[in-house]
Amino acid sequence: MALRPEPFGALAYHYGNRRLNFLRSPQLLTLVQRLGEHPSIDAALDDAGIEPRRRPTWVAALARLAESDFIEEVTS
Amino acid sequence: MTAAPTRLTDELKAGLNAPICLTWEWTYACNLACVHCLSSSGRRDPLELTTAEMRSVVDQLADMQVFYINVGGGEPTVRPDFFEVIEYSVERGVGVKFSTNGGMITPAKACHLASLDYVDIQISLDGADEATNDAVRGRGSWAMAHRAMDNLASAGFGPFKISVVMTRHNIPQRDELAALADRYGAELRLTRFRPSGRGAETWHELRPTQDQQYELYRWLLDRPDVLTGDSFFHLSGYGEGALPGLNLCGAGRVVCLIDPVGDVYACPFVLHEQFKAGSVRAEGGFAGVWNGSTLFRELREPQSAGACASCGSYDACQGGCMAAKFFVGLPLDAPDPECVKGNGEPALAALGVDARPISGPGHSKPVPVPVRLSPRRPATV
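Residues numbered from 1 in each chain as written. Chains lettered and ligands numbered in written order. Predicted model: local features only at pLDDT ≥ 70, side-chain atom pairs only at ≥ 80, totals over all residues.

## Thoughts on the overall build of chain B
So, point 1. A tally of helices and strands in chain B yields 14 helices and nine strands.
So, point 2. The C-alpha radius of gyration computed for chain B amounts to 21 Å, which stays within 12% of the reference 21 Å derived for 381 residues, consistent with globular compactness.
So, point 3. When the backbone C-alpha atoms are referred to their principal axes, chain B occupies close to 90 × 50 × 45 Å.
So, point 4. Within chain B, contacts between residues at least 6 apart in sequence are counted, and of these 69% link residues at least 24 apart. (Helix = DSSP H or I, 4+ residues; strand = E, 2+ residues; numbered from the N terminus. Rg over C-alpha atoms; globule rule 2.2 N^0.38 Å. Contact = placed C-beta atoms within 7 Å.)

If you want it as structure tokens, here you go:
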């Protein structure tokens with residue numbers, strides 16, 4: 001999987017399933033890049049400073065990425 | 001998510017840091033002479049990029065994070081360094097999808113291809129039966145493509161693509177083509193036939209009828225798994241549903257083409273001086289052209305709807321394909337010659353006989369001229 005910054009956010013490309021995703025804000029790009037540093041999505045959203053009322057939109061965007069295997073839950 | 005949402009297509013039209021879809025034609029040499037060839041291929045250009053130059057372009061694309069390249073030609077597999085350059089590209093993280101007529105894909109080569117990490121293959125086939133295909137691609141080409149597909153299947157290559165340029169003779173065969181792809185576990189990819197290259201000469205007799213365009217549109221709506229590479233966005237003008245894809249002209253915005261001698265064009269269908277943006281051989285290389293070309297900057301600016309401004313479908317079809325207009329001789333803000341609302345026909349009918357742009361000599365092989373030999377006078381002793 002590769003992330004390429006673009007004026008609107010970033011392009012995400014999955015070399016395995018050849019799927020392309022559009023991350024349509026620079027903030028979402030930062031969130032995705034730092035996802036691995038946090039124990040949970042909530043913690044990552046806290047760190048990115050996303051207000052609680054806007055969180056459902058962000059969670060939905062992450063769910064779309066998970067659906068096409070761009071991100072996955074890490075169980076430890 | 002953003003405070004003032006803009007449409008993704010508007011953002012893409014303004015251009016990207018690098019192309020999403022980059023077509024790179026590796027040679028003009030070809031063992032076939034298809035009547036619709038968009039690059040008028042046949043003879044190798046003596047100035048084509050050397051292996052070292054090809055590797056350098058791969059390096060530049062890797063640095064720009066171009067995810068994959070669409071390799072075509074001509075027939076790219078005739079280059080002696082074909083495997084060397086695809087292997088180098090994959091190694092540098094630039095995936096390779098290549099189009100071929102299949103002539104080179106022997107059982108051994110199919111195994112070699114199957115062993116590579118990120119290589120996708122498109123076998124070109126323009127009919128579900130030999131007669132329909134060979135009328136366009138030349139005698140023996142149907143058998144050649146089938147041998148290649150059999151070899152890929154035996155080598156366990158996995159799902160390859162069958163790539164079809166849609167004409168009035170194969171649109172009625174769409175179900176058979178889908179069934180053929182199913183039999184091979186392959187994906188079907190359909191492309192719009194544009195009047196580019198040698199296609200300019202055959203477009204009027206091979207292009208789909210209006211009824212066929214509608215049938216194809218409905219058929220594609222029912223089959224989102226059939227790939228089209230955004231080829232049929234002009235059909236969105238029917239307004240009965242959106243075809244998968246971005247549905248916009250990506251020329252110079254998300255798409256471009258590098259030709260065998262390193263010239264960069266706005267899209268694979270506009271190999272003409274007017275749409276040449278620069279050369280990878282110039283200082284600055286490919287990135288210099290992508291970021292600095294005046295042509296690309298113009299294409300990324302908002303375009304005029306021109307003659308289509310008063311049509312309610314403009315938002316859906318964006319006025320259609322630039323290449324299709326250009327090569328039939330229509331202005332770029334005219335309706336698409338195959339406008340689904342029927343606005344192309346009167347525009348075409350109004351064109352003068354000399355409206356079509358003059359194209360260069362192309363790379364077609366010379367047509368044999370019949371010569372009559374007269375018997376030599378017997379030598380006198």
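## Here's the deal with the sheet that holds strand S2 (residues 9-14) of chain A
Residue and element names in this part refer to chain A.
So, point 1. Taking strand neighbours across the sheet as the criterion, the three strands line up as S1-S2-S3 in an open arrangement whose pairing is antiparallel. Each edge of the open sheet is held by one strand with a lone partner, namely strand S1 (2-6) and strand S3 (19-23). In this sheet, adjacent strand axes meet at a mean angle of 20° when their direction is disregarded.
So, point 2. For S1 and S2, the ladder comprises five bridges, and the chain directions are antiparallel. Across the sheet, the residue bridging to Ala-2 is Tyr-13, located in S2. (Pairing = 2+ DSSP bridges. Axes fitted to C-alpha atoms, helices over the stretch in contact; angles between N-to-C directions.)

## Side note on the nonpolar core
Residue and element names in this part refer to chain B.
So, point 1. Core analysis: the largest hydrophobic core is formed by 96 residues, its most contacted members being Tyr-265, Cys-267 and Val-270.
So, point 2. When residues no more than four places from it in sequence are discounted, the contact partners of Tyr-265 are Cys-256, Leu-257, Asp-259, Val-270, Leu-271, Phe-275, Lys-276 and Ala-277.
So, point 3. Counting residues in each nonpolar core, the second largest holds six residues, with Phe-232, Phe-233, Leu-235 and Cys-339 among its members. (Core = buried A, V, L, I, M, F, W, Y, C linked by C-beta atoms within 7 Å. Buried ≥ 20, exposed ≤ 12 C-beta atoms within 10 Å, placed from the backbone.)

## Quick word on unusual backbone geometry
So, point 1. The omega torsion of the bond from Gly-73 of chain B to Gly-74 of chain B falls at 10°, within 30 degrees of zero and hence cis.
So, point 2. Within the fold, Gly-74 of chain B resides in the loop between strand S2 (68-72) and helix H3 (82-91).
So, point 3. Here the phi dihedral of Arg-18 of chain A falls at roughly 60°; this positive angle occurs in a residue that is not glycine.
So, point 4. Note that Arg-18 of chain A resides in the loop between S2 and S3.
So, point 5. Arg-18 of chain A sits in the partly exposed class, given 13 other C-beta atoms within 10 Å.
So, point 6. Phi at Gln-65 of chain B is positive, roughly 60°, even though this residue is not glycine.
So, point 7. Considering the arrangement of structural elements, one finds Gln-65 of chain B in the loop between helix H2 (51-63) and S2.

## A few points about the environment of Glu-301 of chain B
Residues and elements named next belong to chain B.
So, point 1. Structurally, Glu-301 can be placed in the loop between helix H11 (294-299) and helix H12 (314-317).
So, point 2. According to the C-beta neighbour criterion, Glu-301 is exposed, with 10 such atoms within 10 Å.
So, point 3. Placed 257 residues apart in sequence, Glu-301 and Arg-44 show a C-alpha to C-alpha distance of 36 Å.

## As for the sheet that holds strand S3 (residues 95-100) of chain B
All names here are of chain B.
So, point 1. Strand order in this open sheet of nine strands is S6-S5-S4-S3-S2-S1-S7-S8-S9, and the pairing throughout is mixed. Each edge of the open sheet carries a strand with a single partner, namely strand S6 (187-192) and strand S9 (276-279). Going from strand to strand, the sheet's axes swing by 25° on average, the running direction of each strand aside.
So, point 2. Lying on the sheet, H3 is in contact with S2, S3 and strand S4 (119-124); it crosses S3 at an angle near 150°.

Read these as spatial facts, not as claims about activity.
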